[in-house]
Amino acid sequence: MSSSSRTLSKLEALECHFTWVKETTRSQLLHIRVQLEDIGTDEGNFWLGSIYNLWGFVLYELGSSKEAHQYFRKATETLQRLRKEDEGPWLMVNYGNLAWLHHHLGEEAKSQDYLSKVEALKSKFPSPSQDELHPEIYAEKAWTLMKFGKKNKLLAADYFQRSFKMQPDMVQWQSSRVIALASAAKHCDTGLSDDLMQEIRTAREQDPENLYVAAVELKERGKKGESVKNEAETLGQKILLQPVSSYSGLKPLLMLHRELGSLDEAIVLTEEALERHPDERYLKRCASLCCKWKVLMFTTDRADQRTIERAIKLHEEVIDLYPDTSFVKRVDLAYVQAKSSHGREIAYQMFQDLLARRDLDSEDKQLLYYNYARYLYFHRQDSNESIRYHMKSAEIQERSLYGKLSIKVLQKICDRGRIRMCPEIRKFLENLPEDDSE
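Cut-offs and rules
Position numbers for residues count from 1 along each chain, tracking the sequence in the order it is written. Restriction of local features to residues with pLDDT of at least 70 applies here, the model being predicted, together with a cutoff of 80 or more for giving and counting side-chain atom pairs; totals for whole chains, interfaces and linings are based on all residues. With hydrogens and water set aside, each side-chain value is computed from the structure's full complement of heavy atoms. Strands are runs of DSSP state E lasting at least 2 residues, helices are runs of H or I lasting at least 4, and numbering of each runs from the N terminus. Only C-alpha atoms enter the radius of gyration; for comparison, a globular chain is expected to reach 2.2 Å times N to the power 0.38, where N is the number of residues. For every residue, the accessible area (1.4 Å probe, protein chains only) is compared with the maximum for its type, and the residue is labelled buried under 20%, exposed over 50%, or partly exposed between those bounds. Whether two residues are in contact is decided by their heavy atoms: any pair within 4.5 Å suffices. Using a 1.4 Å probe, the Shrake-Rupley method yields the accessible areas, and only the shown protein chains count as cover for residues. Using only the protein atoms, space was sampled on a 1 Å grid; points where a 1.4 Å probe fits but cannot get out form cavities, open sets with protein on both sides within 12 Å along at least five of seven lines form pockets, and lining residues are those with an atom within 4 Å of a point. Grid points are joined across faces, edges and corners, and a volume is the space filled by probe spheres set on the points. Following the grouping adopted for this structure description, the nonpolar residues are Ala, Val, Leu, Ile, Met, Phe, Trp, Tyr, Cys and Pro, the charged ones are Asp, Glu, Lys and Arg, and the polar ones are all others, Gly among them. Here the axes come from fitting lines to C-alpha atoms, over the contacting stretch only for helices, and the angles between their N-to-C directions go from 0 to 180 degrees. Should an angle fall under 35 degrees it is called roughly parallel, over 145 degrees roughly antiparallel, and 65 to 115 degrees roughly perpendicular, with every other angle called oblique. By definition, any crossing whose near helix is turned counterclockwise from its far helix by less than a right angle is left-handed, and any crossing with a clockwise turn is right-handed. Joining through side-chain atoms within 4.5 Å is the link that ties buried Ala, Val, Leu, Ile, Met, Phe, Trp, Tyr and Cys residues into a set, and such a set is a nonpolar core. Stacked, tilted and edge-to-face are the three classes applied to pairs of Phe, Tyr and Trp rings, where Trp contributes its six-membered ring and a pair requires centres within 6.5 Å; stacked means planes under 30 degrees apart, edge-to-face means over 60, and tilted covers the rest. By definition here, a salt bridge exists when the distance from a side-chain nitrogen of Lys or Arg to a carboxyl oxygen of Asp or Glu is within 4 Å.

Peer 1: Just checking my understanding: could you explain the overall build of the protein chain for this structure?
Peer 2: Helix and strand counts for the protein chain come out as 23 helices and zero strands. In summary, the protein chain has a C-alpha radius of gyration of 24 Å against a globular reference of 22 Å for 438 residues, a match within 12%. For the C-alpha atoms alone, the extent of the protein chain along its principal axes is close to 70 × 50 × 40 Å. Residues counted as buried form 50% of the 438 residues belonging to the protein chain. Across the protein chain, the fraction of contacts at a sequence separation of at least 24, relative to all contacts at a separation of at least 6, is 61%. Of the roughly 22200 Å² that the protein chain leaves accessible, carbon and sulfur atoms contribute 46%.

Peer 1: Any chance you could explain the side chain of Lys 219 here in plain terms?
Peer 2: Summarising the element assignment, Lys 219 is placed in helix α12 (residues 211–223). If we skip the residues at most four places from it in the chain, Lys 219 touches Pro 252, Met 255 and Leu 256.

Peer 1: Can you walk me through the environment of Met 197 in this structure?
Peer 2: Topologically, Met 197 is positioned in helix α11 (residues 194–206). Measuring from C-alpha to C-alpha, the distance between Met 197 and Arg 221 comes to 8.6 Å, with 24 residues separating the pair along the chain. Every residue in contact with Met 197, bar those within four places of it in the chain, is listed here: Leu 192, Glu 217, Glu 220, Arg 221 and Lys 224.

Peer 1: What is the right way to look at empty space enclosed by the protein in this model?
Peer 2: Remark: the empty space left among the atoms is shown by a probe the size of a water molecule rolled over them. Within the structure shown, the criterion is met by two cavities of 30 Å³ or more. The space that makes up the largest cavity amounts to roughly 120 Å³. Taken together, the elements giving at least two residues each to the lining of the largest cavity come down to α4 (48–61), α5 (65–82) and α8 (135–145). Looking at the lining of the largest cavity element by element, the count peaks at three residues for α8. Partitioned by chemical class, the residues of the lining of the largest cavity number seven nonpolar, two polar and three charged. The wall of the second largest cavity is formed by Ile 239, Leu 240, Gln 242, Pro 243, Val 244, Ser 248, Leu 250, Ala 273, Arg 276, His 277 and Leu 283. Those elements that provide at least two residues to the lining of the second largest cavity are α13 (229–240) and α15 (263–276). Considered class by class, the residues forming the lining of the second largest cavity number seven nonpolar, three polar and one charged.

Peer 1: Would you explain the packing of helix α10 (residues 171–184) against α12 in this entry?
Peer 2: Relative orientation and spacing of two packed helices are given, respectively, by the angle between their axes and the distance between those axes. Remark: α10 packs on α12, axes separated minimally by 10 Å, with the N-to-C direction vectors making an angle of 40°. Judged by the inter-axis angle, α10 sits oblique to α12. Between α10 and α12 lies a crossing of left-handed hand. Facing Ser 175, Val 178, Ile 179 and Ala 182 of α10, the residues of α12 in contact are Tyr 212, Val 213 and Val 216. Split by residue class, the contact of α10 with α12 holds six nonpolar, one polar and no charged.

Peer 1: For this particular structure, what's the right way to read the nonpolar core?
Peer 2: Generally speaking, soluble globular proteins have nonpolar side chains that are buried together. Ranked by size, the top nonpolar core spans 68 residues in total, and within it Leu 14, Leu 36, Leu 54, Trp 143 and Ile 200 carry the most contacts. When residues of this core are assigned to their parent elements, the largest contribution, nine residues, is made by α4. Contacts of Ile 200, omitting those with residues within four sequence positions, involve Val 178, Leu 192, Val 213, Val 216 and Glu 217. Counting 59 residues, the second largest nonpolar core, distinct from the first, contains Ala 215, Cys 286, Phe 298 and Ala 338.

Peer 1: Looking at this model, I keep getting lost on the packing of aromatic side chains. Mind explaining?
Peer 2: Given two aromatic rings, their pairing is described by the distance between the two centres and the angle made by the two planes. Under the definition given, this model contains 20 aromatic pairs. Measuring from centroid to centroid gives 5.8 Å for Trp 47 and Trp 143, while their planes differ by 20°, and the two rings are stacked. Here the residue Trp 47 occupies a position in the loop between α3 (26–39) and α4, and Trp 143 occupies one in helix α8, the gap between them amounting to 96 residues. Given a relative accessible area of 11%, Trp 47 falls into the buried group. Centre to centre, the rings of Tyr 212 and Tyr 247 are 5.1 Å apart; their planes meet at 50°, and the pair counts as tilted.

Peer 1: Where do I start with the layout of surface pockets in this structure?
Peer 2: Here the second largest pocket is characterised by a volume of approximately 740 Å³. Looking at the lining of the second largest pocket, the element that brings in the most residues is α10, giving three residues. Of the residues that constitute the lining of the second largest pocket, the class distribution is eleven nonpolar, eight polar and four charged.

Peer 1: So what exactly am I meant to see when it comes to the pattern of salt bridges here?
Peer 2: Should their charged atoms come close, side chains of opposite charge can pair. Applying the stated rule across the entire model yields 27 salt bridges. Note that Arg 81 is salt-bridged to Glu 43, the shortest N-O span being 2.8 Å. Of the two residues, Arg 81 is situated in helix α5 and Glu 43 in the loop between α3 and α4; the sequence distance between them amounts to 38 residues. The partner of Lys 124 in a salt bridge is Glu 87, and the shortest N-O contact between them spans 2.4 Å. One end of the pair, Lys 124, is in helix α7 (residues 108–124); the other, Glu 87, is in the loop between α5 and α6 (92–104), with 37 residues separating them in the sequence. Put simply, Arg 33, Glu 37, Asp 38, Arg 281 and Asp 324 are held in one network by salt bridges that share partners.

Peer 1: Help me out: how do you make sense of the packing of helix α14 (residues 250–260) against helix α16 (residues 281–297) in this one?
Peer 2: Remark: α14 packs on α16, axes separated minimally by 11 Å, with the N-to-C direction vectors making an angle of 10°. When the axes of α14 and α16 are compared, the pair comes out roughly parallel. On α16, the residues that touch Leu 250, Lys 251, Leu 254, Met 255 and Arg 258 of α14 are Tyr 282, Leu 283, Cys 286, Leu 289, Cys 290 and Trp 293. Of the residues contributing to the contact of α14 with α16, the split by class is nine nonpolar, no polar and two charged.

Peer 1: Quick question: what am I supposed to make of the side chain of Lys 292 here?
Peer 2: Assignment of secondary structure puts Lys 292 in helix α16. On the accessibility criterion, Lys 292 (15% relative accessible area) is buried. Setting aside residues up to four positions removed in sequence, Lys 292 forms contacts with His 315, Asp 332 and Val 336.

This is how it looks when you write it as structure tokens:
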């Protein structure tokens, strides 16, 4: 075996982002970069080293090798600072990433140097269990994979469980496990299982500083009918005192308010947060979501024009602040415009522009077709065309939530049996291929 083949073989055996994440799209990478930016880089974040590691990998995949190197080096320095040690098993993934990066850049001596560093760490800090990875590696692998779709969230939960069993003092790993499981089940009709609810309660007790877990637990208890209004108010005030982050617990708390029918409280909370941090784009995103929920509650004859105008303004700002990942917000803005007394033609044109796009992946298409179908039905009273777009959404394989919702709509129409298209719809549903996403 040649020297270059041996090096490649060693690189492929590493546990790091370059071997964990094999297939990505540009759209997925842009969304993950935005997620990382919105988590924030507050020094108190336990996962800050992992954030920089994944950020570096995403930047490399997006074609920015120089920036990738800067972020991998930030990860090294952050891990050493937060763990108060110059070396430890938490550096294995980071050194693996650097070995791969230098290899891709043709800097083989530097790549070999990092390969040697990984080997030295593996010898000095072996895994407590011979047949398993080191718990630090399992934890970072899990934290990374949970950013890459539902199936990977379930795999991540398993890796977190393995790492936590080997090192039960790391309560942050248990907290991240329940966050991954709750996220994977967020569109489940039956709610979370009793076993998972117990895990979430335990994680909340063991990691009381994690307000995201606290918010998830409250949200699920609220969905099950428990009275949690006072706890929600207290938690909201605690969240306002934290650094702005997508893991502050704000979004699940807003979803709880929606569940409780207290959208006005949700809007007040986001506006208060924006008063404290007027330039934080994540807070504007949360505020736009609350206003959209409120607007969609209105029937045409009781629409509150002031709330609609606030929602339009926030959506336009958020679209500008998230230029690469604002597709969902553009669809939401079209729907909000449709509720406005002077925005109906604007909404129609916005939907036509979105439908004309040629860069949409299958998930974006399903979301767009489903929302456009609803718009046609409720705002243009065009039932037949609405059904056509629900069919376009439903027939896309590897169905997202919106494709499944379109199927439910079509099934309901068939069950009622009131329109001429029912035989056609029934035949369409019978001939639908199996869902590739399960």
